[in-house]
Amino acid sequence: MASIEVHDERFRILADENAPLRKLFGGTVWAEGPVYFSDARMLLWSDIPNNRMLRWVDGLGTDEFRRPSNFSNGNTRDREGRLVTCEHLGRRVSRTEHDGTITVLADRYQGKRLNSPNDVVVKSDGSVWFTDPDYGIMSNFEGKKSESEIGKNLVYRIDPSNGRVDAVCDDFDKPNGLAFSPDEKLLYIADTGHSEREGGAHHIRVFTVGEGGHLSGGTVFTEIKPGLADGFRADVEGNIWTSAGDGVHCYDPAGRLLGKVLVPEVVANVAFGGEGGRTLFIAASTSLYAIALSVRGAART
Ligand code: MG
């Protein structure tokens, strides 16, 4: 079966119809949060219900990177290449220092505990942006059943100068994946409210990023069908590669579907990496897949 489905001729420049979808690992319960370390030719990702993070190294294979992982979810790297992780159980965003010690970047907002940070991205100015839906406190499957202290599912920005945590969006049902456009003028944020509610959101919204992290706009960029935009990344040309129910969908900056990478499992998230940043790593339920593309990931996604 071809793994590429072309919806717009422009997609043929981004993806090669003959590129195989390679399965790199099988054995997770729910793969999420992939992040690539080009300096180590390594991909880290979360296996949320198994309370662990895995490490795939090119040419070597896969082993456990961290266990327990506090039911980690989304991961990214900061400007210094350090791992930044969303933890459901810890109800926090943490940073793994170069010496392996862990620093808490955020665990409270206005004195109240966060819900369960889901996905995170670091802007080039050092600010850390993350979503905080309540998935990790709704049950014990992906965290620990607990009350929400904040009572809302917000999106936050951590100020790089003083570590202050500010809410930047308060009108999401379940804010989830997020990524900047290559020039960082736009921030895309998914709402996956449909996962818990018939008629709930299954779309990505786009915001204009202003001074001091102020967001404006927020119109719907695209609706995802089938499935949800749990996690996504931008390529250097500003196209958005997002998880969906039937694989990975690629949308141009205007929100038009260019094509799909069909995957035989529900996809949760993706990350660019590999040689030249042109491999798309796909965290899909029980497996990690990869496919070679002709476009590279944006520097900061
Ligand atoms: Mg997510």
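Criteria and cut-off values
Residues numbered from 1 in each chain as written. Predicted model: local features only at pLDDT ≥ 70, side-chain atom pairs only at ≥ 80, totals over all residues. Heavy atoms only, no water. Helix = DSSP H or I, 4+ residues; strand = E, 2+ residues; numbered from the N terminus. Buried < 20%, exposed > 50% of the residue type's maximum accessible area, 1.4 Å probe, protein only. Contact = heavy atoms within 4.5 Å. Areas by Shrake-Rupley, 256 points an atom, 1.4 Å probe, with all protein chains shown as cover. Pairing = 2+ DSSP bridges. Axes fitted to C-alpha atoms, helices over the stretch in contact; angles between N-to-C directions. Donors = N, O, S within 2.8 Å, 3.2 Å for Na, K, Ca; no water. Core = buried A, V, L, I, M, F, W, Y, C linked by side-chain atoms within 4.5 Å. Phe/Tyr/Trp six-rings, centres within 6.5 Å; stacked < 30°, edge-to-face > 60°.

As for the overall build of the protein
At step 1: Across its full length, the protein holds two helices and 25 strands.
At step 2: A principal-axis box enclosing the C-alpha atoms of the protein has dimensions of 55 × 40 × 40 Å.
At step 3: In the protein, buried positions account for 59% of the 301 residues.
At step 4: Pairs at least 24 apart in sequence give 46% of the contacts found in the protein among residues at least 6 apart.
At step 5: Of the roughly 12,100 Å² that the protein leaves accessible, carbon and sulfur atoms contribute 46%.

A closer look at the sheet that holds strand β13 (residues 128-132)
At step 1: Taken in spatial order, the four strands of this open sheet run β12-β13-β14-β15, and their pairing is antiparallel. Each edge of the open sheet carries a strand with a single partner, namely β12 (120-122) and β15 (165-169). Adjacent strand axes in the sheet meet at a mean angle of 25°, parallel and antiparallel pairs treated alike.

Brief notes about the coordination of the magnesium ion
At step 1: Around the magnesium ion, the protein contributes the donor atoms E32 (OE), N118 (OD1), N176 (OD1) and D230 (OD), at 2.1 to 2.8 Å from the metal centre.
At step 2: Sequence spacing of the donor residues for the magnesium ion, all on one chain, is E-x85-N-x57-N-x53-D. In this pair, N176 is assigned in strand β16 (residues 175-180) and D230 in the loop between β19 (215-223) and β20 (232-234), connecting sequence segments 54 residues apart. Considered together, N176 and D230 belong to a single accessibility category, that of buried residues.

A look at the nonpolar core
At step 1: W241, L280 and I282 are the most contacted members of the largest nonpolar core, which has 21 residues in total.
At step 2: Breaking this core down by element, the ones donating at least two residues are α1 (11-14), β22 (247-251), β23 (257-262), β24 (269-273) and β25 (279-292).
At step 3: Core analysis: the next-biggest nonpolar cluster, separate from the first, contains 16 residues, A106, Y109, L114 and Y156 among them.

Details of the pairing of strand β18 (residues 203-209)
At step 1: Among the seven residues that make up β18, six are buried, leaving the element largely enclosed by the rest of the structure.
At step 2: Note: strand β17 (residues 186-191) against β18, six bridges, orientation antiparallel. The residue of β18 that forms the bridge with A190 is I204.
At step 3: Where β18 meets β19, seven bridges bridge the pair, whose relative direction is antiparallel. Residue pairing in the sheet places V209 in a bridge with L215 of β19.
At step 4: In this structure, the hairpin formed by β18 and β19 is closed by a connection of five residues, where G212 is found at a positive phi of approximately 65°.

Observations concerning the packing of aromatic side chains
At step 1: One pass over the structure, following the stated rule, counts twelve aromatic pairs.
At step 2: Pairing F25 with W45 gives two aromatic rings, centres 5.8 Å apart and planes at 70°, and the pair type is edge-to-face. Taken together, the positions of F25 in strand β2 (residues 22-37) and W45 in strand β3 (residues 42-47) put the pair 20 residues apart, joining distant regions of the chain.
At step 3: Classification of W45 by relative accessible area gives buried; the value is 0%.
At step 4: Centroid distance W129 to F180: 5.4 Å. Interplanar angle 85°. Geometry classified as edge-to-face. One end of the pair, W129, is in strand β13; the other, F180, is in strand β16, and 51 residues separate them in sequence. Like F180, W129 is buried.

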